[in-house]
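Okay, here's what each chain looks like letter by letter:
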Amino acid sequence: MSTVSTSSTPPAASSAAVEDRVAPRTGAVKLLRLPEIGALLGAVAVCVFFLIVASAFRNVDNVGTILYGAATIGIMAVPVALLMVGGEFDLSAGVAVTSSGLAASLLAWYFNFHVWFAVLLALVVSLLIGLFNGVMLNRTGLPSFLVTLGTFFILQGVNLGMTKVVTGNVASNNISDMQGFDSAKNVFAWETSIGSVAIKAPIVYWLIITVIAAVVLRKSRFGNWIYAVGGDSDAARAVGVPVRGVRVVLYLFVGFCAWLAGMHLLFEFNTVQSGDGVGNEFIFIIAAVVGGCLLTGGYGSAIGASLGALIFAMTQLGINYAGWNPDWFKTFLGVMLVLATLVNVWVKKKADAR
């Protein structure tokens, strides 16, 4: 009597399926799986486009201006991107930069502190803002959108109220004649040049932050924890990931970068307007999304966020260089955000299917 096989899958097909699962991925597939690949292609496309339509864009002297615009966004877009990979948001990031600059300026002027002492106190203030966001998120269980939206309004009110109490107007006083100002300016607002290209301090700090964040995210255990928390916090907690601690550290990183950006704002312009920073949080989020971060968390890139900031800067300056009406720039940002989100989701699905 012949024996009939009960397997529904032919041996050859089963073997092929196994081989397909364990087969090494090609270089093209690995490249497609990188979150920042879409932003890289977008940056190249935007650069080529404005090189064609705007003659001023081809001027090498303007490279420093473009990089400076990208750096002022990228310094905050990178920590915001890491936070989004971890599944959270920070809507107070924009005004937190202003709060840091105001804290240093008002403390130095009102109490006649040495400028460096005021700078260190401003760092403490910025870290406390980040700590507050992280702890409130952990303790209340509320969505980070609501927690940081509350912080946004608190800081916005404090910035305006304290500035008026101390100075009597809506801007901090000029502290450029105070002890320690010049040395602090040499740290936070120095400028050099490479040929005809002006290189300002934020450009270097932005690149350093991007490299450190990229290495941590891709090569460290903490980076794996960030992806795990953003992908599924309950599952991450079940396998021993310190979810609460990861969130707090990410918000502290946002606070540190807000301090760095705030110090540059203060020492570059000598004074800080209390209303500055409102709306910048959305620019940071847009840069992160354009750079490959998903709004659902668990996927993204620090390098991609920096590329998103570069795209933003090239577009903003390219529109001016081309002589177009800048009133349409915000419309472009909205379209870019929607398209980037759709492209990121599509690329991720295609990469996962291969």
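Details of the structure are given in the entry above.
Enquirer: When you look at the nonpolar core in this model, what are you seeing that I'm missing?
Expert: If you look at soluble globular proteins, the nonpolar side chains tend to sit buried side by side. Formed by 99 residues in total, the largest nonpolar core has its most connected members in Met76 and Phe267. Looking at this core, the element that brings in the most residues is helix H4 (residues 63-85), giving 15 residues. Once residues within four sequence positions are removed from consideration, methionine 76 is found in contact with Ala93, Val97, Val254, Cys257, Ala258, Ala261 and Phe284.

Enquirer: Would you mind showing me how to read the packing of helix H5 (residues 93-111) against helix H7 (residues 144-167) here?
Expert: For any two helices packed against each other, the geometry comes down to the angle between their axes and how far apart the axes lie. Between H5 and H7, whose axes approach to 10 Å, the crossing angle comes to 25°. When the axis of H5 is compared with that of H7, the two are roughly parallel. Crossing handedness for the pair H5 and H7: left-handed. Taking contact as the criterion, the partners of Val95, Ala96, Thr98, Ser99, Leu102, Leu106, Trp109 and Tyr110 in H5 are, on H7, Phe152, Leu155, Asn159, Met162, Thr163, Val166 and Thr167. Considering only residue class, the contact of H5 with H7 consists of ten nonpolar, five polar and no charged.

Enquirer: Got a minute to help me understand the environment of glycine 150 in this structure?
Expert: Looking at the secondary structure, you find glycine 150 in helix H7. For glycine 150, a relative accessible area of 31% gives the class partly exposed. Along the sequence, glycine 150 and serine 92 sit 58 residues apart, while their C-alpha atoms lie 8.2 Å from each other.

Enquirer: Help me out: how do you make sense of the packing of helix H3 (residues 37-53) against helix H14 (residues 302-322) in this one?
Expert: At their nearest, the axes of H3 and H14 sit 9 Å apart, and the two run at 15° to each other. If you check the angle between H3 and H14, you find them roughly parallel. The chirality of how H3 crosses H14 is left-handed. Taking contact as the criterion, the partners of Ala39, Leu40, Gly42, Ala43, Val46, Cys47, Phe50 and Val53 in H3 are, on H14, Gly304, Leu307, Ile311, Met314, Thr315, Gly318, Ile319 and Ala322. Grouping the constituent residues of the contact of H3 with H14 by class yields twelve nonpolar, four polar and no charged.

Enquirer: Even after reading the chapter, I still don't get the pairing of strand E1 (residues 191-194), so can you show me in this structure?
Expert: Regular strands place their side chains on alternate faces of the sheet. The sheet contact formed by E1 and strand E2 (residues 197-200) spans four bridges and is antiparallel. Paired with serine 193 across the bridge in E2 is alanine 198.

Enquirer: Just to check I follow, could you spell out the side chain of asparagine 138 for this structure?
Expert: With respect to the helices, strands and loops of the structure, asparagine 138 is situated in helix H6 (residues 115-140). The exposure class of asparagine 138 is buried, given its relative accessible area of 11%. The residues contacting asparagine 138, other than those within four sequence positions of it, are Arg244, Arg247 and Val248.

Enquirer: Quick question: what am I supposed to make of the pattern of salt bridges here?
Expert: Working definition: two side chains of opposite charge can pair if their charged atoms are close together. Summed over all chains, the structure comprises four salt bridges. For the salt bridge of arginine 237 with aspartate 234, the shortest nitrogen-to-oxygen distance reads 3.3 Å. You can see arginine 237 and its partner aspartate 234 sitting in helix H11 (residues 233-238), three residues apart, about one turn around the helix. Residue aspartate 234 is classed as exposed on the basis of its relative accessible area of 54%.

Enquirer: Would you mind showing me how to read the environment of leucine 307 here?
Expert: Locating leucine 307 in the fold gives a position in helix H14. Residue classification places leucine 307 among the buried positions, given a relative accessible area of 15%. C-alpha of leucine 307 to C-alpha of alanine 70: the two residues are 237 residues apart in sequence and 8.5 Å apart in space. Leucine 307 has contacts with Glu36, Ala39 and Leu40, leaving out every residue within four places of it along the chain.

Enquirer: Looking at this structure, how should I read helix H13 (residues 280-290)?
Expert: Because an α-helix packs 3.6 residues into every turn, residues spaced three or four apart end up facing the same way. Buried residues dominate H13, accounting for nine of its eleven residues. Residues Glu281, Ile283, Phe284, Ile285, Ile286, Ala287, Ala288, Val289 and Val290 constitute the buried set of H13. Positive backbone phi, approximately 115°, marks glycine 292, located one or two places after H13.

Enquirer: What am I meant to see in the packing of aromatic side chains here?
Expert: Two measures describe an aromatic ring pair: the distance that separates the ring centres and the angle between the ring planes. Summed over the entire model, instances satisfying the criterion amount to 16 aromatic pairs. Measuring from ring centre to ring centre gives 5.0 Å for tyrosine 110 and phenylalanine 111, while their planes differ by 85°; the resulting arrangement is edge-to-face. Tyrosine 110 sits in the exposed class, given a relative accessible area of 52%. Accessibility expressed as a relative area gives 46% for phenylalanine 111, which makes it partly exposed. Considering the side-chain rings of tryptophan 190 and tyrosine 205, the 6.5 Å spacing of their centres and the 85° angle between planes classify their relative orientation as edge-to-face. Within this pair, whereas tryptophan 190 is found in the loop between helix H8 (181-188) and E1, its partner tyrosine 205 is found in helix H9 (residues 201-219), the two being separated by 15 residues in sequence. For tryptophan 190, a relative accessible area of 24% puts it in the partly exposed group. One aromatic cluster in this structure is built from Trp116, Phe181, Phe188, Phe256, Trp259 and Phe267. Against the face of tyrosine 68 rests lysine 200, its NZ or CZ located 4.6 Å from the ring centre.

The rules we used
- Residues numbered from 1 in each chain as written.
- Predicted model: local features only at pLDDT ≥ 70, side-chain atom pairs only at ≥ 80, totals over all residues.
- Heavy atoms only, no water.
- Core = buried A, V, L, I, M, F, W, Y, C linked by side-chain atoms within 4.5 Å.
- Buried < 20%, exposed > 50% of the residue type's maximum accessible area, 1.4 Å probe, protein only.
- Helix = DSSP H or I, 4+ residues; strand = E, 2+ residues; numbered from the N terminus.
- Contact = heavy atoms within 4.5 Å.
- Axes fitted to C-alpha atoms, helices over the stretch in contact; angles between N-to-C directions.
- Parallel < 35°, antiparallel > 145°, perpendicular 65-115°, else oblique.
- Left-handed = near helix turned anticlockwise from the far one by under 90°.
- Nonpolar A, V, L, I, M, F, W, Y, C, P; charged D, E, K, R; others polar.
- Pairing = 2+ DSSP bridges.
- Salt bridge = Lys/Arg side-chain N within 4 Å of Asp/Glu carboxyl O.
- Phe/Tyr/Trp six-rings, centres within 6.5 Å; stacked < 30°, edge-to-face > 60°.
- Lys NZ or Arg CZ within 6 Å of the ring centre and 35° of its normal.

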